[in-house]
Amino acid sequence: MAGNSWNKKNYLDGSKMKKVKKIGTVTQYVSNVIHFSSQYGRENSIGYSMTNLVGEPNLLNQYGDYTQAAVLRTYGIWWLTAPSAPKVIDSQRTSYAGQDFVDLWFETPVYPSNIAFYETYHPGAVYEVYACNITDKDSNKKENIRWECLYSCSEMSAINQFRIFKQNLKSCSFPTALLRVVFRHKHLDYYPEIDAIQLVGITSDSHDGTDIDELYNGLQKLGISKADEGTSDLESISIEGAGSNGGFDILPAEVIQLIFQHLTVVELCQVASVCHLFKKHCYDSLLYGQLNIQPYWSKFNNSAMDSFSSRCRQLKHLCLAWCGNWGMITPDTFDRFIKKCGMNLERLQLNCCTFLSDENLQTIADTCTQLTELDFQACTQLTGVSFGCLSSLHCLQRLNLYRTNLTDNQACFLFKNFPELEHLNLGSVSGIQHFDVVMGSLGHYCKKLKSLDLWRAKTLTDIGLGSLANGCPELLELDIGWCSEVNRIEILVTKCRKLKKLYLTSNRTITDRDLEAIAANCQDLEQLDLLGMRYISPHSLERVLIKCKRLIFVDISFCEQITKAVVSNLEAQYQNVTIKKSFSHPS
């Protein structure tokens, strides 16, 4: 993405937020970014980072790609169809449209009334807005944490112009200083960018409603209230030979199980309260071989996790993505659950679970010895040395460590013990200081590697790329975006000829020679990112389009020699290829 001079005030301490009070009404902008699932920018940087949401808008009425905006890591279908894309856990029963989120802090707690998003590039990603009953940053140990959904988009659309997306919010039963904005962007044509977020609300002093916090007796387990057992209306139904359970007594148990297999987790909780027979079936561990809790992140807490432990003795696939933050799940509760239900686990997705402790990783390593997939994306609270205990998981095939604190020594130690590893994400891992050394270990021990994300691996050079290419010829996907020290792509493509996805984003040293090597060796290539390549010519680009007949996506944004006229001509000739050409300024 383009480089633009930085001129936005960095209101990280919240001391300069604009506040306008009118009869109890407060208008304010983001004071602090607490947590987020992904970002285009690098850690501790201001370019394209989520911290750019802090403060008042800086790009009013400007549409284009600007470093001053907050930018998500992905968009469209391209990451979802790549070799690295994991299968959704329990997809037949459960699905969730949210793809990314950001937790935002506002200086003044309010009862929210409306919200405005200053969308500067490819608007349309805002999917949901949640409020949390937290008004103090020290409330992490507060009991009865709960979230309320104040806005949900029923129909997503894409727009190609600047807009201020204003929405009235549902009434909230408590004052809040913490919002979670959930994004969905698979329908968008390019990276969505947001400059600022404005929140309007009424202060608690002027609110004339009633805060029901004191009446709220703990979070409902997935929002379900227990019905009194033995009082179901089905008992009054008279069916000859049916018994007291409305005809289900005469059905074979296998048929009832087959029916219940199609129920979601919430529906199973509801049906369990109907009668004793249903409860018996709903608690059958065979129905909980796969469990995807991400759609219920706003309600899943310690109590819910404890209640599920009695049903999950045969659990193999578990997704707790986005769950448990702000004290909703404690490390001790998670530990108990894993020790009781984790012996058969094969897939465990814990992305963005900030409740995890270093000790939890040891419990996972000791208990879940059959794991083939492990996801710690954006678990930034875990220390770098804590990952060493995972070396005992010799069956691992998929490992996501995006935005973790993994160190050089721990990385090399882990890869030595992962001979079956096929998919690895080391994107934005700022704790690794010598990527060439890590690539040497990876190439030596992980011969089956198929996909590797090295997004912003700033110390990677041709030496590390060579070690990877020599040791991992089965690679299908590689992302070395913003790895500015890599100069010779032919080192890679002459050895890894099966590549389907190759992202070289913002590598300014790529030349026509590299594109010729790609065209000659990567006949199976489907996705190619050449954003920011100053020295590639239209001729070499067309050579790739001619030779790589399976190509369906190419990004040539900010390639100085590839003009709009060239793009138009190529689009007309290669209509099966989606060609992206971004810009910083309207033209």
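For the structure itself, look to the data block above.
Computed from a predicted model, the values in this text were never measured in an experiment.

So what exactly am I meant to see when it comes to the pattern of salt bridges here?
As a working rule, side chains carrying opposite charge can pair if their charged atoms are close by. According to the stated counting rule, one finds 18 salt bridges in the structure shown. The shortest N-O distance in the salt bridge between Arg73 and Asp453 comes to 3.8 Å. Of this pair, Arg73 sits in the loop between β4 (70–71) and β5 (100–121) while Asp453 sits in strand β17 (residues 451–453), and the two are 380 residues apart along the sequence. Assigned by exposure class, Arg73 and Asp453 land together as buried. For Glu119, the salt bridge goes to Arg163, with nearest N and O atoms at 2.6 Å. Here Glu119 is found in strand β5, whereas its partner Arg163 is found in strand β8 (residues 163–168), with 44 residues between them in sequence. Since its relative accessible area comes to 2%, Glu119 is described here as buried. Where salt bridges share partners, they join Arg73, Asp453 and Asp479 into one cluster.

What is the right way to look at helix α11 (residues 512–521) in this model?
Turn by turn, an α-helix covers 3.6 residues, leaving residues three or four places apart pointing in a common direction. Of all the positions in α11, only Asp514, Leu515, Ala517, Ile518, Ala519 and Asn521 are classed as buried. Of the surrounding secondary structure, the elements contacted by the buried residues of α11 are α10 (490–493), β19 (501–503), β20 (527–529) and α12 (538–547).

Can you walk me through the packing of helix α7 (residues 408–415) against helix α8 (residues 435–445) in this structure?
To characterise two packed helices, one gives the angle between the axes of the helices and the distance between these axes. Close contact between α7 and α8 brings their axes to 9 Å; oriented N to C, the two are set at 5°. Considering their axes alone, α7 and α8 lie roughly parallel with respect to each other. Of the residues in α8, those in contact with Asp408, Ala411, Cys412 and Phe415 of α7 are Val437, Val438, Ser441, Leu442 and Tyr445. Per-class residue counts for the contact of α7 with α8 are 7 nonpolar, 1 polar and 1 charged.

Definitions and limits used
Residues numbered from 1 in each chain as written. Predicted model: local features only at pLDDT ≥ 70, side-chain atom pairs only at ≥ 80, totals over all residues. Heavy atoms only, no water. Salt bridge = Lys/Arg side-chain N within 4 Å of Asp/Glu carboxyl O. Helix = DSSP H or I, 4+ residues; strand = E, 2+ residues; numbered from the N terminus. Buried < 20%, exposed > 50% of the residue type's maximum accessible area, 1.4 Å probe, protein only. Contact = heavy atoms within 4.5 Å. Axes fitted to C-alpha atoms, helices over the stretch in contact; angles between N-to-C directions. Parallel < 35°, antiparallel > 145°, perpendicular 65-115°, else oblique. Nonpolar A, V, L, I, M, F, W, Y, C, P; charged D, E, K, R; others polar.

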